[in-house]
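# Overview (structure and organization)
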Amino acid sequence: MKNKIAILAILISCIFIAESEAQQDAQYTQYMYNTMSINPAYAGSRDVLSGLLLHRSQWVGLDGAPRTQTFNLHSPVGEAKKVGLGLSIINDKIGPTHETYFDIDFSYTINTSEEGRLSFGLKAGGHLLDVAYSELSQYNPGDILLQNDIENKFSPNFGAGLYYRKGDRWYLGLSVPNILETTHFDEASLSQARERINAYLIGGYVFDLNEDLKFKPAFLLKAVTGAPLQADLTANFLLREKLTLGAAYRWDAAFSGLVGYQFTDGIMVGFAYDREITALGNTQFQSGSFEVFLRFEFLNEPDKILSPRFF
């Protein structure tokens, strides 16, 4: 078993250190609460100072499996609240590879109707890359690719997005969070890793089933060159503006269960569990994936009541 895990870790590393044609951003099941990580136009859309902490452990029980931590904070600025500013930090680790993304987000919103709002977003930041070859079980100690660790390789980047919302009823967003296709090592190197453009389309709607129950379907599509289109379909039910229960399907990849609770107007906690339906899901090395998040918001108007919408 240890040999199989070690080989898998090496394969994961080789996928990265070879010339990568399909490197992708971090994956989220609860994307509807974590929109700013993928779309800068979302900054300020909650109308208050809003923050989120999220942790994801993927393929629990598998050595070297992905682990992701996310923090973002954003708020509208100015009396008109047309401008939004935000900060986003993502820490992502898989096998010997450790990546940290940090971005400043800017949005500008225009009114398209009495309830319609269209936001334009830009983000700028950087990316730090570490590859610890020394963590691998080296079957060939003389392999030139595994001699030197990569430490704090910095690459700048920028992104853009559009985000439209109609009151508390529905939303639609399109974004490319990282536009530069950065090659981390020069062409003469024996190992390369190239950042590929990831494009996102997200949307959701709220149906009032009765006074106490709302139905909230949502979707996320992610496209990147060299990889299959990722499609996430989610169905959430909100009971009495407090308890959220839902299920999700990631096309040809996983089924998920979601639960969330709005403890106060400013504090919400959520949890999601994914079960793979791929060949990996039938192995003895992993026990699914899970996410947990905390959303906290600071109400600048004591009488203001925030809608528990997930957008």
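Residues numbered from 1 in each chain as written. Predicted model: local features only at pLDDT ≥ 70, side-chain atom pairs only at ≥ 80, totals over all residues. Heavy atoms only, no water.

Further remarks concern the overall build of the protein. When helices and strands are counted, the protein shows 1 helix and 15 strands. Buried positions account for 47% of the 311 residues belonging to the protein. In the protein, of all internal contacts separated by at least 6 residues, the share reaching a separation of at least 24 is 56%. (Helix = DSSP H or I, 4+ residues; strand = E, 2+ residues; numbered from the N terminus. Buried < 20%, exposed > 50% of the residue type's maximum accessible area, 1.4 Å probe, protein only. Contact = heavy atoms within 4.5 Å.)

By rolling a water-sized probe across the atoms, one finds the places where empty space is left. For the structure on display, the rule yields 5 cavities of 30 Å³ or more. When contributions to the lining of the largest cavity are tallied by element, the ones reaching two or more residues are strand E3 (83-94) and strand E4 (97-111). Per-element tally for the lining of the largest cavity: the top contributor is E4, with 3 residues. In the lining of the largest cavity, the residues fall into 7 nonpolar, 3 polar and 5 charged. (1 Å grid on protein atoms, 1.4 Å probe; cavity = no way out; pocket = protein on both sides within 12 Å on 5 of 7 lines; lining within 4 Å. Points joined across faces, edges and corners; volume = space filled by probe spheres on them. Nonpolar A, V, L, I, M, F, W, Y, C, P; charged D, E, K, R; others polar.)

Considering the arrangement of structural elements, one finds Gln58 in the loop between strand E1 (49-57) and strand E2 (67-77). Contact partners of Gln58, with chain neighbours within four places excluded, come to Gln27, Ala65, Pro66, Arg67, Gly288 and Ser289.

So, on to the packing of aromatic side chains. Inspection of every chain in the model, using the stated rule, returns 13 aromatic pairs. Considering the side-chain rings of Phe102 and Phe154, the 6.4 Å spacing of their centres and the 20° angle between planes classify their relative orientation as stacked. Taken together, the residues Phe102 in strand E4 and Phe154 in strand E6 (residues 150-166) connect sequence positions 52 residues apart. Residue Phe102 is classed as partly exposed on the basis of its relative accessible area of 32%. A ring pair is formed by Tyr261 and Phe263, whose centres lie 4.9 Å apart and whose planes are at 70°; its orientation type is edge-to-face. Pairwise contacts between aromatic rings join Tyr205, Phe207, Phe215 and Phe237 into one cluster. (Phe/Tyr/Trp six-rings, centres within 6.5 Å; stacked < 30°, edge-to-face > 60°.)

The backbone of Asp47 sits at a positive phi, close to 70°, despite the residue not being glycine. Looking at where Asp47 falls in the secondary structure, it is placed in the loop between helix H1 (2-17) and E1. On the basis of relative accessibility, which here comes to 27%, the residue Asp47 falls in the partly exposed class. Although it is not a glycine, Trp59 sits at a positive phi angle of roughly 55°. Checked against the element boundaries, Trp59 lands in the loop between E1 and E2.

As a further point, take the environment of Val259. Mapped onto the secondary structure, Val259 falls in strand E13 (residues 254-264). C-alpha separation for the pair Val259 and Leu243, spaced 16 residues apart in sequence, amounts to 7.5 Å. Leaving out residues up to four positions away in the same chain, Val259 has contacts with Leu243, Thr244, Leu245, Val269, Gly270 and Phe271.

Further remarks concern the nonpolar core. Residues Tyr33, Tyr171, Leu220 and Phe293 are the most contacted members of the largest nonpolar core, which totals 22 residues. Elements with a minimum of two residues in this core: E1, strand E8 (198-205) and strand E10 (213-224). (Core = buried A, V, L, I, M, F, W, Y, C linked by side-chain atoms within 4.5 Å.)

One can find Asp274 in strand E14 (residues 267-276). According to the relative accessible area criterion, Asp274 is buried, its value standing at 1%. Only 2.7 Å separates the side chain of Asp274 from the side chain of Ser256, close enough to count as a polar contact. Setting aside residues no more than four positions away along its own chain, Asp274 makes contact with Thr29, Arg56, Arg250, Ala254, Phe255, Ser256, Gly288 and Ser289. (Polar contact = N/O pair within 3.5 Å; in protein donor to acceptor, adjacent residues only side chain to side chain.)

Now for the pairing of strand E15 (residues 289-298). The pairing of E1 with E15 spans 9 bridges and is antiparallel. Each residue of the ladder has a partner; that of Leu49, found in E15, is Phe298. Looking at chain direction, E14 and E15 are connected through 8 bridges and run antiparallel. Counted as the bridge partner of Ile267 is Phe296 from E15. (Pairing = 2+ DSSP bridges.)

Turning our eyes to something else, we now look at the confidence of the model for the protein. Per-residue pLDDT for the protein has a mean of 82; in total, 76% of the residues score no lower than 70. Taking the mean pLDDT of every element in the protein, the minimum, 37, falls on H1 and the maximum, 96, on strand E12 (residues 243-250). Residue range residues 1-23 is modelled with pLDDT below 50. Its contacts to residues more than four positions away, or to other chains, number 52 contacts. Between residues 186-190, whose pLDDT stays under 50, and residues either more than four places distant or in other chains, the model counts 5 contacts. (pLDDT = per-residue confidence, 0-100.)

Tracing the backbone shows Leu213 in strand E10. Sequence separation between Leu213 and Phe237 is 24 residues, and the spatial gap between their C-alpha atoms is 6.9 Å. Setting aside its immediate chain neighbours within four residues, Leu213 contacts Phe207, Asp208, Phe237, Leu238 and Leu239.

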